[in-house]
Amino acid sequence: DIIMKVFIVFVSLLVLGYCQPPQPQRCKEAPPKWHAHFREIDYDTGFFRFAEIDYDADNEQIHVREYVGEDEQRPTVVEEWFYFREQKKYNVSREQRCTAYAFYHDWHPIGIHDARFVGREWIGAETTTLGLLVDEFFDRGGDNEGLWHGLFAPITRGTSEYVCIPVLESYLRRDAPFPERRNIHVMYTNITTLVSPTAFDHCLLKR
C-alpha cells in the first residue's frame, strides 16, 4: 500500500545517506602571515577582549591591538608585540606608556599540524550563500598537553590541498599562541593575508 511504499523510499534514502563516502579533508595548513580581528575569552581570568592581530609564523612574531575592554579590572595593556625568537615583548598601556619586557614562552604556531580531521560543518545556514563550510579538527595531545579544537576555512587551493585560515580555536589546559594563556576560546573575523609592512614595528621604534 502507499504507506509501505513511502516507508521503503524513506529507508532507502536513509541507507544511501549512511553509505555516502566520508567527506574528504580539504585543509592541510594555515598561511604563514595574516591579519584579522578576533574575540577572545580567557576562562582562567574571566576576561574578554576584542582586538586585531597580525600574525607572522615565518619570523615567529605576533602583534595584538586591543580596542574594546569589557572589564575595568582587566590588565591595562592595549597593544602588544611578541618576538618569540628574541623572547621579548613590548606593550603600550591605556596611558600610552611603552614598556619592554623579557618573557619566556615557546612559540606555538596557529595551524592544523597533526590534529585529527573530524569532518565538515556549516557555520550558520547550511547554504553557500548564507553559511560557511569549515573543516573541523581535534587534538588530544600527549601527557600534560591538554586539548585543542579548531575550525578552518579554505582561502586558496593547490593541486589537492587547501591553505586555510582559522575561524575558531579552543584551548583547554594547553599553551595557546599568546603567552600566559592556557584555557581560551578565540573567534577570528575579517581575515586577510595582507599584513601591513609596519605591523611589527614596536612602540619604541615608533618614537
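These lines cover the structure that appears in this document, whether it is placed above or below. (Residues numbered from 1 in each chain as written. Predicted model: local features only at pLDDT ≥ 70, side-chain atom pairs only at ≥ 80, totals over all residues. Heavy atoms only, no water.)

As a further point, take the pairing of strand β11 (residues 162-172). Most of β11 sits inside the fold, with 9 of its 11 residues counted as buried. Note: strand β1 (residues 27-29) against β11, 2 bridges, orientation parallel. Its bridge partner lying in β11, Glu29 is registered against Val163. Looking at chain direction, strand β10 (residues 147-157) and β11 are connected through 10 bridges and run antiparallel. Bridge pairing in β11 links Trp148 to Tyr171. In sequence, β10 turns back onto β11 through a hairpin of 4 residues. (Buried < 20%, exposed > 50% of the residue type's maximum accessible area, 1.4 Å probe, protein only. Helix = DSSP H or I, 4+ residues; strand = E, 2+ residues; numbered from the N terminus. Pairing = 2+ DSSP bridges.)

This next bit is on the pattern of salt bridges. Evaluation of the coordinates by the stated rule reveals 11 salt bridges. The residue Asp135 makes a salt bridge to Arg26 at a minimum N-O spacing of 2.9 Å. On the criterion of sequence distance, the pair formed by Asp135 in strand β9 (residues 131-139) and Arg26 in the loop between α1 (2-19) and β1 is long-range, its members being 109 residues apart. Residues Asp135 and Arg26 agree in their burial class; the two are buried. Of the charged contacts, one joins Arg49 and Glu80 as a salt bridge, the two residues approaching to 3.6 Å between their closest N and O atoms. Within this pair, whereas Arg49 is found in strand β3 (residues 47-56), its partner Glu80 is found in strand β5 (residues 77-83), the two being separated by 31 residues in sequence. In terms of burial, Arg49 and Glu80 fall into one category: buried. Through salt bridges with shared partners, one network takes in Glu40, Asp42, Arg49, Glu80 and Arg181. (Salt bridge = Lys/Arg side-chain N within 4 Å of Asp/Glu carboxyl O.)

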